[in-house]
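# Tertiary structure, described
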Amino acid sequence: MRGMLAWLVNLWKALTGSKYDGKYLHKVIRENLKDKRLHQALTNIVIPTFDVKKLQPTLFSSYQLTPDTCLDAKLSDICIGTSAAPTYFPAHYFTNKDENGVMQEFNLIDGGMAANNPTLVAISEVMKQITKKNPDYFPVIKPLEYERFIVISIGSGSKRRQGKYSAKRVSKWGVFCWIYDDGSTPIIDCYSAGSEDMVDYHISVVFQALHQQKNYLRIDMYSVLSGTPKDKAAEFSIRNILFNAEEKILLTKRVSCANLETCINEPVQEDYTNMEALQCFAKKLSHERSAVNQTPRITEPMNKIKSGYVN
């Protein structure tokens, strides 16, 4: 269907329910994760979600399983919940019992509603463990010892360089247009971009103030995914994005960081690529691991937690 008919069909779908029923996505997630639970993850992770019934974020963190065993849910349920983007997929409901058999219900939507850029959530989880004197970190690392943190933040693509919206255009909009415009949901686009950029800005300020900016690497995909609808991004495989013969936008792109005056992500002055930055991080982690193996308990890995949600 093309033209006006296709537009009317898409509009009707947008107004009457989610764009997709999510059945295929749920099937793929369940086939791959099966019945594995949060405690069975290969490393410590934190996955942000948003509970629409409680109107508050719910964080599924490896570190929270001891005080709250109810969070030890199936990874498939957590992943389906955190990917339930409003207007694209339906919200996800499930229940889980704690160690005492007490049932808790979860009414989840996209984790991006709480943390579209979950990098700060991951850092906060580590800092909480240091404060609680978790033996994995304390007393080796102090809460503000950012030179011991290595942070890699990978975005999922941005449309901001399109210049799709303007004040002149949106000033004429009402509720309807903010919810639906040419297949997009402008209010979500604006909220998502603002949310993720403020996290990047905050982390950049802290690392630059402490002269540890080389310990924070933010990689986002602009040129390949710009102009691509949010729900079509999956058509670009990770392999094509990383090794695109024409642009090689990720690995050979110069490292960029937030300009603290303009809040815009700009290339750093040094001729320093993302590939070189990742190689430097790998060497640091390898050195740290060697130190741990040689002198246990004297030094620990820099950062044992990874962010489980990709923006």
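Data block above holds the structure.
This text gives an overview of the structure that appears in the document. (Residues numbered from 1 in each chain as written. Predicted model: local features only at pLDDT ≥ 70, side-chain atom pairs only at ≥ 80, totals over all residues. Heavy atoms only, no water.)

## Quick look at the side chain of Ser 204
As for its position among the elements, Ser 204 is in helix H8 (residues 186-209). Separated by 2.8 Å, the side chain of Ser 204 and the backbone oxygen of Asp 200 make a polar contact. Look past the residues within four positions of Ser 204 in its chain and what remains in contact with it is Tyr 216, Ala 258 and Leu 260. (Helix = DSSP H or I, 4+ residues; strand = E, 2+ residues; numbered from the N terminus. Polar contact = N/O pair within 3.5 Å; in protein donor to acceptor, adjacent residues only side chain to side chain. Contact = heavy atoms within 4.5 Å.)

## Quick word on the environment of Gly 183
If you trace the backbone, Gly 183 turns up in the loop between helix H7 (175-179) and H8. When the C-alpha positions of Gly 183 and Lys 19 are compared, they lie 9.9 Å apart, and in sequence the two are 164 residues distant. Beyond its immediate sequence surroundings of up to four residues, Gly 183 is in contact with Lys 19 and Tyr 88.

## Considering the pairing of strand S4 (residues 103-109)
The two faces of a sheet get side chains in turn, since along a regular strand they alternate between them. With two bridges joining them, strand S1 (residues 44-51) and S4 adopt antiparallel strand pairing. Counterpart to Asp 51 in the pairing with S4 is Leu 108. Taken together, the six bridges between strand S3 (residues 92-97) and S4 define a ladder with antiparallel strand orientation. Residue pairing across strands places Thr 95 opposite Glu 105, the latter belonging to S4. (Pairing = 2+ DSSP bridges.)

## Points about the pattern of salt bridges
With the rule as written, the count across this model stands at eight salt bridges. The salt bridge partner of Asp 77 is Arg 30, with a shortest N-O separation of 3.4 Å. Of this pair, Asp 77 sits in helix H3 (residues 75-82) while Arg 30 sits in helix H2 (residues 23-33), and the two are 47 residues apart along the sequence. Residue class for Asp 77 comes out buried when judged on its relative accessible area of 10%. Across the pair Asp 181 and Arg 169 runs a salt bridge whose closest N-O atoms are separated by 2.8 Å. Here the residue Asp 181 occupies a position in the loop between H7 and H8, and Arg 169 occupies one in helix H6 (residues 167-170), the gap between them amounting to twelve residues. With a relative accessible area of 11%, Asp 181 lands in the buried category. Look at Arg 169 and you get partly exposed, because its relative accessible area is 32%. Salt bridges sharing common partners tie together Glu 196, Arg 218 and Asp 220. (Salt bridge = Lys/Arg side-chain N within 4 Å of Asp/Glu carboxyl O. Buried < 20%, exposed > 50% of the residue type's maximum accessible area, 1.4 Å probe, protein only.)

## Topic: the environment of Leu 217
You can see Leu 217 is positioned in strand S6 (residues 216-219). On the basis of relative accessible area, Leu 217 is assigned to the buried category, the value being 1%. Here the alpha-carbon distance between Leu 217 and Ser 153, two residues 64 residues apart in the chain, equals 6.1 Å.

## Here we look at the nonpolar core
Judged by nonpolar contacts, the single largest core of 14 residues is most densely connected at Ile 123, Ile 130, Tyr 137, Phe 149, Val 151, Ile 203 and Phe 207. Elements that contribute at least two residues to this core include exactly helix H5 (119-131) and H8. Broken down by element, the residue count for this core peaks at four residues, all from H5. Membership of the second largest hydrophobic core comes to twelve residues, among which are Leu 38, Ile 45, Ile 47 and Ile 78. (Core = buried A, V, L, I, M, F, W, Y, C linked by side-chain atoms within 4.5 Å.)

## Observations regarding the layout of surface pockets
By volume, the second largest pocket is sized at about 360 Å³. Along the walls of the second largest pocket sit 20 residues, with Gln 213, Val 255, Cys 257, Val 268 and Glu 270 positioned nearest its centre. Of all the elements in the fold, those that place two or more residues in the lining of the second largest pocket are H8, S6, strand S7 (256-258), strand S8 (265-267) and helix H10 (274-294). By residue class, the composition of the lining of the second largest pocket is eleven nonpolar, six polar and three charged. (1 Å grid on protein atoms, 1.4 Å probe; cavity = no way out; pocket = protein on both sides within 12 Å on 5 of 7 lines; lining within 4 Å. Points joined across faces, edges and corners; volume = space filled by probe spheres on them. Nonpolar A, V, L, I, M, F, W, Y, C, P; charged D, E, K, R; others polar.)

## Description of the packing of aromatic side chains
With the rule as written, the count across this model stands at six aromatic pairs. Aromatic side chains Phe 60 and Phe 106 sit 5.5 Å apart centroid to centroid with 45° between the ring planes, which places their arrangement in the tilted category. Pair noted here: Phe 60 is in strand S2 (residues 56-61) and Phe 106 is in strand S4, with a separation of 46 residues, a long-range link. Among the residues examined, Phe 60 registers a relative accessible area of 0% and is labelled buried. The exposure class assigned to Phe 106 is buried, which follows from its relative accessible area of 1%. With a centroid separation of 4.9 Å and 20° between ring planes, the pair formed by Phe 94 and Phe 106 is classed as stacked. Placement of Phe 94 in strand S3 and of Phe 106 in strand S4 is noted, with a sequence separation of twelve residues between them. (Phe/Tyr/Trp six-rings, centres within 6.5 Å; stacked < 30°, edge-to-face > 60°.)

Taken by themselves, the reported measurements are silent on function.
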